[in-house]
Amino acid sequence: MGDWMTVTDPGLSSESKYISQYTSETKMSPSSLYSQQVLCSSIPLSKNVHSFFSAFCTEENIEQSISYLDQELTTFGFPSLYEESKGKETKRELNIVAVLNCMNELLVLQRKNLLAQENVETQNLKLGSDMDHLQNCYAKLKEQLETSRREMVGLQERDRQLQCKNRNLHQLLKNEKDEVQKLQSIIASRATQYNHDMKRKEREYNKLKERLHQLVMNKKDKKIAMEVLNYVGRADGKRGSWRTGKTEARNEDEMYKILLNDYEYRQKQILMENAELKKVLQQMKKEMISLLSPQKQKPRERADDSTGTVISDIEEDAGELSRESTWDLSCETVREQLTNSIRKQWRILKSHVEKLDNQVSKVHLEGFNEEDVISRQDHEQETEKLELEIQQCKEMIKTQQQLLQQLATACDDDTTSLLRDCYLLEEKERLKEEWSLFKEQKKNFEKERRSFTEAAIRLGLERKAFEEERASWLKQQFLNMTTFDHQNSENVKLFSAFSGSSDRDNPTVHSRPRQKKPHGAPSGSPVCTSKLTKSLPASPSTSDFCQTRSCVSEHSSISVLNTTPEESKPNQVGRECTNQKWSVASRPDSQEGCYSGCSSAHANSHVEKDDLP
Amino acid sequence: MNFSEVFKLSSLLCKFSPDGKYLASCVQYRLVVRDANTLQIHQLYSCLDQIQHIEWSADSLFILCALYKRGLVQVWSLEQPEWHCKIDEGSAGLVASCWSPDGRHILNTTEFHLRITVWSLCTKSVSYIKYPKACQQGESLRGITFTRDGRYLALAERRDCKDYVSILVCSDWQLLRHFDTDTQDLAGIEWAPNGCVLAAWDACLEYKILLYSLDGRLLSTFCAYEWSLGIKSVAWSPSSQFLAVGSYDGKVRILNHVTWKMITEFGHPTTINNPKIVVYKEAEKSPPLVLGRLAFPPPRAAAGPLSSTESKYEVASVPVSLQTLKPAADRANPRIGVGALAFSPDSCFLATRSDSVPTAVWIWDIQKLRLLAVLEQLSAVRCFQWDPRQARLAICTGGSQVYLWSPAGCVSVQVPGEGDFQVLSLCWHLSGDSLALLSKDHFCLCFLETEQGVGTAFGQRADHT
């Protein structure tokens, strides 16, 4: 037995150990049957050490055991358990130190192995779980594969079916196309046949008609007749004319005349339309030029090349304009020039507007960036201020209106109508200016009035003196001369007196036109004057003015009185005229409004009526 | 708006004389000429049989009465009541009769369109025109057209299966031009009001309209589409500036007189969405429940419940969908397409009727080239006619109302009278002051106030019972 052990163990045990180690790692492998056996042999070696040892070493086989162990250990590379023998025959002694060393080493080894085994086992466990997981995955993937394979098969089947269907449809389409073709050809043939038939029928019909015609007409149908009591004259009173070549020619002539007239009429209309359009174009051009020319200076200062040339063009065009306006005839060159220049100007205008837009947007941006709030505040304040002002102005106007209405009863109709006409606030500014002017003139008036009154007094005195003189003189004359002579002399005297007075009146005459001016001239239109009188800031002053006028008329002498109506009348007439003009000009607007109002009212009323029960 | 009393009438034969002085109407075989203002009988003539057609001569001196059944035409003079003339077409028969513009010749078309006989009242002469084309649509002859000045006659002819147009001088019936038209089957010809352009159009199988100058030159052809039913109606604007062509596709195409190209196309949509378009919808007016009215003449309304109910217009709010008629596709002459067209006398408006929407009248603004208003009636529109003086359209639908449209609005007026007066047709007096309303066997005159007529008419609208 010991021999067997010695013989078999070294290789086998080491092998089995390796194997057992391996098998412990691969517990789950299917080839674990053999290793189980080996385990049986090896596990007792490792775990049931004591029992084994007890069995291994007994009292009687110590020597053998030792020698066996020695052998074993030497084969494993351990130092021998025996001391170095001196002689070959002498029995070798057991070296305790070596044994202990060996034991220690073995224990260390054992511990190391245990550790390694533990490691290996945990690894084994990990790997086992990994394996499980992988196997699960594998199974799942296999399932997936299966399903997708099934799906693929299904899809393939569907594809096949669809293709089949498609093929069928194609076939059907082809059939339909064929059908259509066939039907079309049938239709065409039918149409031709129909036409042919129709023609045939019509020919037959014509033949029949002809035959009928012959039958009906040639039979000397006595019934076909006209019974007339007596023939009536032609509508134009003329007699019928013979048919000759001349009449034919005349007919042709007339026809062409009619056609010609029509064409002429149409040409005239077209010409008119053209003229209108040209006028519009010209107008447009003019307006564009006038619109674009104010900005001429600026670009020139900038010495911008492009605009500079453009502006020179504008100037040219402006020069041409007068020339072109005389060319009313339709002419290629004129037309081209006109359209070209308009196009050019349109481009300029467009670029200008775009520039302005850019500027505006820039300004906006800047404004928003810097002083948005402030500007807005300013703006609001300004508007508030303006609104307040407007309110004040309105009130003022209202009071003035009332006053003027009161005055209007005294004034003549023309002035009242004038006064009623104007409430425009925009003109207030201008009116203020005029008011100051007016004040000045009032002063002048007053001065003049004073001079007038003085002159009148003087004149009165003179007259008195003259009258006295004349009376005395007359007395004298009466005594001396005939009545005829007396009259003559009186005339002469009167004349001279007049001329004398007129001389003195000269300043008044001169001043009159000046006086007249404020009525008509400064404002340019009576509308404004009336406004002026209306929007006078304080009512007393206006009444003052009236008073002054009345004063003048009251206090001034006869000559002055004579002149005032004469001069004021044309003035009034003029005012009237312009006033009328103005009112006419204003009318279209108002009328339009009225019309629109009317029409809308009408429509409304109509609608309402429709809604009536 | 005032109504005259009701007079008897047969075959809807009632016509104002061209000078507006007289009104001729027929009762069976009698021809009654009344004063157009007083309606007193001016003359009374008796024909040999029932009168089937009457026509005034252009100078209002003669009246032609056609008795188609007998192949007879009887002419009466207004100035000389004892004067008479009888034209017998004999066995050739008679299908149409009309005056030449000079009022001294009568053009009779024999049966089967064998020929046209031109009878002169001045001389015994008779002229024949052979091969007239049978393009007659209802009462109106589409194959004969005179220029408005009465100088020329254009005549559609058919020889050897080809269409021709002859232009004749009316004064001596001399042929001026003769040319073939490039048509399959010429359906009608019409002079422009200025008498310089002749429009000729093909039958409904093909959309084709040709424009010829007076001297026979082809000015232009127009074809809007192919392979479908074509032209149904054609109308010139009184200014000769536009030619409106209504077709089976439910559209009106307006051609201009300079290039003869289409200016615009007016479709007739069945739903109106544009809020700018005014849709006047006729609505039945519920009879006012006045006790006094219920009392005596016990419900005459029972006789004709629908026609005797009063109606009014309501402005419908868009979108409005109009009642359409489903056309029978398997029948000839389907009820689709624009069947009636009429320009207002100032050429500013165009009134149309689409046969698939028989209850509606469409009014188009020609200046703005857009739809202006749609009038939806309760029943199918029978006929409409513009006032010869102003933009005012009179419409009748076979009910007891007459409808008036003007740019200011729309009004429905009940025709007063005993029983029902179903207005089947109407015709304006020359002055636009009165309107003759024709029913099956009666007629009455409707006098509209002059000048402010429309306004007052609207004021008084539908107050009659």
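Summarised in this report is the structure supplied together with it. Computed from a predicted structure; not experimentally measured.

A count of helices and strands for chain B gives two helices and 43 strands. Pairs at least 24 apart in sequence give 47% of the contacts found in chain B among residues at least 6 apart. Counting only carbon and sulfur atoms, one obtains 51% of the accessible surface of chain B, whose full area is about 18,900 Å².

Turning to the interface of chain B and chain A, a few remarks are in order. At the junction of the two partners, chain B supplies 61 residues and chain A supplies 45 residues. Here chain B packs against chain A, burying approximately 5,000 Å² in sum over the two surfaces, 53% of which is carbon and sulfur. For chain B, the biggest contributors to the area lost against chain A are Leu114, Cys161 and Gln174 of chain B; these three give 12% of the whole. Residue Glu252 of chain A is joined to Arg177 of chain B by a salt bridge in which the shortest nitrogen-to-oxygen separation is 2.6 Å. The interface formed by chain B and chain A includes 15 residue pairs in polar contact (both at pLDDT 80 or more). Counting only elements with at least two residues in the side of chain B that touches chain A, the list comes to strand 10 (84-88), strand 13 (115-120), strand 18 (152-159), strand 20 (174-180), strand 31 (311-316), strand 40 (409-414) and helix 2 (453-460) of chain B. The element best represented in the side of chain B that touches chain A is strand 10 of chain B, accounting for five residues. For the side of chain B that touches chain A, a count of residues per class yields 27 nonpolar, 14 polar and 20 charged. With four bridges joining them, strand 1 (residues 225-228) of chain A and strand 10 of chain B adopt antiparallel strand pairing. The residue bridging Ala225 of chain A from the neighbouring strand is Asp88 of chain B, located in strand 10 of chain B.

This brings us to the pattern of salt bridges. Working definition: two side chains of opposite charge can pair if their charged atoms are close together. Here the structure, examined in full by the defined rule, presents 29 salt bridges over all chains. A salt bridge links Asp185 of chain B to Lys133 of chain B; its shortest N-O distance comes to 2.4 Å. Note that Asp185 of chain B is positioned in the loop between strand 20 and strand 21 (186-191) and Lys133 of chain B in the loop between strand 14 (126-130) and strand 15 (136-137), a separation of 52 residues in sequence. Overall, Lys133 of chain B belongs to the buried group, its relative accessible area being 10%. Where salt bridges share partners, they join Glu202 of chain A together with Lys133, Arg158, Asp163 and Asp185 of chain B into one cluster.

A surface patch of positive charge is lined by Lys439, Lys443, Lys447 and Arg450 of chain A. Of note, Arg450 of chain A is situated in helix 12 (residues 428-480).

Calculation criteria
- Residue positions are given per chain, counted from 1 along the sequence in the order it is written.
- Lettering of chains starts at A and numbering of ligands starts at 1, both following the order in which they are written.
- Predicted model: local features are reported for residues with pLDDT of at least 70 only, side-chain atom pairs are reported and counted for 80 or more only, and whole-chain, interface and lining totals are derived from all residues.
- With hydrogens and water excluded, all non-hydrogen atoms of the structure serve as input to the side-chain values.
- The numbering of helices and of strands both runs from the N terminus, where a helix is a DSSP run of H or I of at least 4 residues and a strand a run of E of at least 2.
- Here, two residues are considered to be in contact whenever any of their heavy atoms come within 4.5 Å of each other.
- Note on areas: Shrake-Rupley, 1.4 Å probe, and residue coverage restricted to the protein chains presented here.
- In this description, buried area is defined as the sum, over both parts, of the accessible area (probe of 1.4 Å) that is lost when the two are combined.
- Throughout this description, the term salt bridge denotes a Lys or Arg side-chain nitrogen within 4 Å of a carboxyl oxygen of Asp or Glu.
- N or O atoms closer than or at 3.5 Å make up a polar contact, with two conditions inside protein: a donor-capable atom paired with an acceptor-capable one, and, for residues adjacent in sequence, both atoms drawn from side chains.
- Any residue that is not Ala, Val, Leu, Ile, Met, Phe, Trp, Tyr, Cys, Pro, Asp, Glu, Lys or Arg is counted as polar, Gly included; the first ten are nonpolar and the last four charged.
- Whether two strands pair comes down to DSSP finding at least two bridges between them.
- The rule is simple: take the accessible area with a 1.4 Å probe, protein chains only, and divide by the maximum for that residue type; under 20% is buried, over 50% is exposed, in between is partly exposed.
- For patches, a residue must show more than 30% relative accessible area and have no salt bridge; joins then use 9 Å for like charges and 5 Å for nonpolar side chains, namely Val, Leu, Ile, Met, Phe, Trp and Tyr.
- Counted charges follow a simple rule, with Lys and Arg positive, Asp and Glu negative, and His plus the chain ends left uncounted.
- Where a charge lies is defined by one atom per residue type, namely NZ (Lys), CZ (Arg), CG (Asp) and CD (Glu).

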